[in-house]
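Descriptive analysis of the structure
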Amino acid sequence: MTKEELKTYLVQIFPSNKVDETFDFPLMFVDKSELLSVAQKLKDSPETQFDFLFCQTAVDRIPNLEVVYHLSSINFKHDMVLKVVLEDRETPEVPSVYSFWKAAELYEDEIFDMFGIRFSNHPNLRRIMLGDEWPGFPLRKDYKDDINIVSL
Amino acid sequence: MIGFSDITKWIHDSLSSALSPGWVLASEFVLAGIAVILIVVVLVVVMIYMERKVAGFMQLRLGPHRVGPWGTMQVFADVFKLLLKESFAPNSVDKFLFNLAPILVLAVSFMALAPISWAPGLQLWDMNIGILYITAVSSIGVIGILMAGWSSNNKYSLLGAMRSGAQIVSYELSAGLSIVAVIAMCGSLSVHDIIMSQADGWWIFKGHLPILFAFIVYVIAGTAEVNRAPFDLAEAESELTAGYHTEYSGMQFGMFYLTEYINMVVIAMIGSTVFLGGWMPFHIYGFDAFNGVMDYIPSFVWFFGKIFMIIFFMMWFRWTFPRLRIDQLLKLEWKYLLPLSIVNVVIVAFITVMKWHF
Amino acid sequence: MENNNNIPIDDLTEEFVVNIGPQHPSTHGVLRLQATLDGETIKDLLPVLGYIHRGIEKMTESLGYKQSIYLTSRMDYLSAHINNQACSLAIEKGMQIEVPERAKAIRIIMAELQRLTSHELWWGSCAMDLGAVTPFFLAFRDRERILDIFEGNTGNRLTMNYITPGGVMFDVLPNFASSIKELLVKVKEHLKEYEELITGNVIFQHRLKGVGILPRELAISMGCTGPVARASGISCDVRKYHPYDGYDKLDFKEIVIDGCDSWARYKVRMEEMKQSIHIIEQLIHNIPEGEFRAKVKGVIKLPVGEYYQRVETARGELGVYIVSDGGNKPYRMKFRAASFSNLGALKPITVGAKIGDLMASMATIDLVIPDIDR
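Throughout what follows, the structure given in this document is the object of discussion. All figures in this text were calculated on a predicted structure; none of them were measured in a lab.

**A look at the sheet that holds strand β8 (residues 332–336) of chain C**
Pairing between the strands of a sheet comes from backbone hydrogen bonds, and it takes one of two forms, parallel or antiparallel. Residue and element names in this part refer to chain C. Judged by pairing direction, the sheet is antiparallel, and its three strands sit side by side in the order β6-β7-β8 without closing on themselves. Edge positions in the open sheet fall to β6 (305–312) and β8, since each of these has one partner strand only. Strand-to-strand, the axes of this sheet are offset by a mean angle of 10°, without reference to chain direction. The sheet contact formed by β6 and strand β7 (residues 317–324) spans eight bridges and is antiparallel. Bridge assignment links Q309 to a residue of β7, and that residue is V320.

**Some points on the pairing of strand β2 (residues 32–38) of chain C**
All names here are of chain C. Only one face of β2 is buried: it carries L33, A35 and L37, and the other face, with R32, Q34, T36 and D38, is open. Note: β2 against strand β3 (residues 41–48), seven bridges, orientation antiparallel. Note that in β3 the partner of R32 across the bridge is V48. In this structure, the hairpin formed by β2 and β3 is closed by a connection of two residues, where G39 is found at a positive phi of approximately 70°.

**Some details on the interface of chain B and chain C**
With 23 residues of chain B at the interface, the matching set in chain C holds 27 residues. For the side of chain B that touches chain C, the secondary structure elements donating two or more residues are α10 (237–240), α13 (299–320) and α14 (326–353) of chain B. Considered class by class, the residues forming the side of chain B that touches chain C number 10 nonpolar, five polar and eight charged.

**Concerning helix α3 (residues 65–72) of chain C**
Residues and elements named next belong to chain C. Within the span of α3, buried status applies to Y65, S68, I69, L71 and T72. In an axial view of α3, the angular spread of the buried residues amounts to 160°, which keeps them on one side of the axis. Those residues of α3 hidden inside the fold are in contact with α2 (56–62), α4 (80–95), β4 (163–164) and β8.

**Focus on the interface of chain A and chain C**
Between chain A and chain C, the contact holds 27 residues from the first and 34 residues from the second. Taken together, the elements giving at least two residues each to the side of chain A that touches chain C come down to β3 (52–61) and α3 (104–115) of chain A. With six residues, the single largest contributor to the side of chain A that touches chain C is β3 of chain A.

**Comments concerning the sheet that holds β2 of chain C**
Residue and element names in this part refer to chain C. Within the open sheet, the three strands sit side by side as β1-β2-β3. Their pairing is antiparallel. Because the sheet does not close on itself, it has two edges, and the strands there are β1 (16–20) and β3. Between one strand axis and the next, the sheet turns by 25° as a mean value, whatever way the strands run.

**Quick look at unusual backbone geometry**
Cis geometry marks the peptide bond from I62 of chain A to P63 of chain A; its omega dihedral reads 5°. At K77 of chain A, a residue that is not glycine, the phi angle is positive and equals roughly 60°. By C-beta crowding, K77 of chain A is classed as partly exposed, having 14 other C-beta atoms within 10 Å. Positive phi, normally seen in glycine, also occurs at N161 of chain C, with a value near 50°. Topologically, N161 of chain C is positioned in the loop between α6 (134–154) and β4. Since 20 C-beta atoms lie within 10 Å of it, N161 of chain C is described here as buried.

Rules behind the numbers
Residues numbered from 1 in each chain as written. Chains lettered and ligands numbered in written order. Predicted model: local features only at pLDDT ≥ 70, side-chain atom pairs only at ≥ 80, totals over all residues. Pairing = 2+ DSSP bridges. Helix = DSSP H or I, 4+ residues; strand = E, 2+ residues; numbered from the N terminus. Axes fitted to C-alpha atoms, helices over the stretch in contact; angles between N-to-C directions. Buried ≥ 20, exposed ≤ 12 C-beta atoms within 10 Å, placed from the backbone. Contact = placed C-beta atoms within 7 Å. Nonpolar A, V, L, I, M, F, W, Y, C, P; charged D, E, K, R; others polar. Arc of directions from axis to C-beta.

Just distances and angles here, no functional claims.
Next comes the structure, spelled out in structure tokens:
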């Protein structure tokens, strides 16, 4: 499906979700409570077959945190973006999509490390890049970096 | 022409005229020991230089060429560096075994040199079970390697030592069986007798196919016994960093390094003695004129020529082949080489019993 | 050992945890793998990362777009040109810059040469991981010549920073085409030599065939891309499916082998080298004349929005995800690194195998550690 086709398809199938687009891909916002069911549908539906999670990351849009899932289909070669907006900055938590895409294990480790977003039901959530004792979550916009150890 | 036997006889006579028989024996022991150590050390120096040049040749580089003319002093510089370095023992190693291991492997590899016949009349100890003695003694070396691996208190070392143990114990069998093929045909375990039995042709050129097969098995098993690539699983720098000698430094590491080369010499010497006639020149039965010409080439040239040919083969293997995996290594021995060697020995025994050999 | 409780002997033996890395000859960098061993068999494998984590994504937030491109050279340093290209393409996409044809041709030639160097180095180090040292030196002959071309045309050998938004930094030297033609003749000869020396070697084949089997489904689920995925029968070449810089006008084959094992991964890369040569040969005879760089404003500002650009590096798909708030610095820049996803496949394909197989699998997955950590 092309970008436009996919967009209209998403609007039809998920009428309650907000569908938008980025420069390249159709974009759909999902509530974290229904993330797993939406992911399941997207992955298993024969029209979409989003079996390939090629990029998972987070963006700190103060005050919200966004978890961004870039999905692709190996057969159809179409892509889309899923977004989960988290309003809770203190203890953000999203269900892990590890059960659908195993690649999520490392991606979610990295997001947890950099943004402090916890993933429930993740097989081994750990601070993968930084040490366990590293203070704060560096990729958040409110990260205090007094000695310019990361940013320049 | 003055043979080596004349020199040894002259030394013996002049010592006997000055000393009592007991002292003569004692001083001859010392002299012989020093001579062997000197020869072997010179050989090892030549081999290390050769290894680097061969490696350079294989890898399209020059090899050492800065220190001394054509880089010949490089080896001495390396040895000097190893001597100056601290032999560092980590904190929680078993100090006694850790320090004993390199000495043990080195001593064992020197012991295996005793029955080698270097030239006509130049042999330290012509015992009647010479070959058996060498194969027996050279397998003690694995204890030193296990000792080094265990006492280092390092997981890589332990893995390396276990691999080495499994490997050497396995390959000893087919190396031994391939030597048995020749022993059965010539009917003696004495190194001297084996060499003399090749006066009219070396064993591999006599046209016995089982012997040719035994020689190939021997070279493979011999390479495996000295833990060199493609059988260098005990060190396997890309898997176990350096295997059993990971924790060794300075001259203790140097001893392991030296041992590897001495073991190569020993393997090459047995190989050349048993299959290639030792110091015996290349003779063809019946061609007396040709044989006479060959006799003009000194026997030590023949001997060292053969040794270095086998050593060159081992170096060639090392710099071209990838390493086997541990289960493939053991499979090669237990499923292919050993059964084939046993069959080979049976065939040789049959030939010998029927007196078809010559 | 006393065994009165009907416990199988196997369960009484202790497992053995070995840290492979962070300093280890075959991890080719500072990757640490915590391997739980039962004898020689790997029971569990946990990659521990971060030893070369430089926070490139955080740094880009305080640098401009242009400066960020230079950081990308430091990620997958064996595909520096291609990383620069990815970042430049993403910026061009946002700013709607049209790249001149000449620049496109030069970019593709450089990118394919880069793929060639990367695969040559991989070939050498793969053989070295399996215990053969000589191929490493042989592989460096061509790599050296290609790096000389890079040095002459871009000024650098490893982190080129040559491809920039709008085109390339400088025009190529007058002898660019002729030197590459000369080079390709040599490379083709040497590729044959490689096949003879290593591909046909029995030990080498036994070390790779049937080792590190990565089934198709798992490879998709793990997010594997590049030669690793293509060796599992997944057709995923970005150059084919999302062509950029004029790859769609070129004739080349996507190498897909349905072998799933290390041997298939080896074959895919060997064939890819030939395809890279084929691509360069199509372009080198007629590099279009004209500008080598379009006019780009001094301060780069991307319109508000999200941009994702992917390219095919030597290791797989590199994605550059830019979130722009309209300022002169990226609001968030995420690099989807191929090695990071491919690393995930290492555990499932090595558990149950021997240590030697771990090295073979790791060698054929071809990890670059700075790319994993970023």
